[in-house]
Amino acid sequence: GRTSKIGMESQIEGDHGEPVTKTSTGSIYDVEPPLKNMSKPAGEWNVLEITLDGDHYKSVLNGETVQDRNLAEHPELKHRLKNGFIAVQDHGNPAVFRNIWVKPL
């Protein structure tokens, strides 16, 4: 199946200064918009920290919380995988990642 529908997809997009949508940077892709758009302008590095502790999903983008959810309370997210693989991807546009850390809780 589609990985963004099996597990969690945190969106990273070149959308600095734009209104938030369900596909904005910091969204749980196509399900939950971020609390605010904290993405930096093109050419600047974004810093994203994601914590998944059981059903608690929190993401902090550039120092600001953009998601803080109890997945068990969300009808579309409560059955998604909370362990397994981690992937990074692009859709034909340049994307660069650095300093990726995975730390068990």
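These numbers were taken from a predicted model, which means no experiment stands behind them.

### Section: the sheet that holds strand S3 (residues 64–70)
Right, so step 1: Here we have 3 strands laid out as an open sheet, ordered S1-S2-S3, and antiparallel in their pairing. In the strand order of this sheet, the two ends are held by strand S1 (48–53) and S3, each with one partner. When strand polarity is set aside, the average angle formed by the axes of neighbouring strands in this sheet is 10 degrees.
Right, so step 2: Looking at chain direction, S1 and strand S2 (residues 56–61) are connected through 6 bridges and run antiparallel. Directly across from Asp53, in S2, lies its bridge partner His56.

### Concerning the nonpolar core
Right, so step 1: Within the largest apolar cluster, 5 residues are counted, these being Ile28, Val31, Tyr57, Leu71 and Leu77.
Right, so step 2: Leaving out residues up to four positions away in the same chain, Leu77 has contacts with Met8, Ile28, Val31, Glu32, Leu71 and Lys82.

Here is what the cut-offs are and how they apply
Residues numbered from 1 in each chain as written. Predicted model: local features only at pLDDT ≥ 70, side-chain atom pairs only at ≥ 80, totals over all residues. Heavy atoms only, no water. Pairing = 2+ DSSP bridges. Helix = DSSP H or I, 4+ residues; strand = E, 2+ residues; numbered from the N terminus. Axes fitted to C-alpha atoms, helices over the stretch in contact; angles between N-to-C directions. Core = buried A, V, L, I, M, F, W, Y, C linked by side-chain atoms within 4.5 Å. Buried < 20%, exposed > 50% of the residue type's maximum accessible area, 1.4 Å probe, protein only. Contact = heavy atoms within 4.5 Å.

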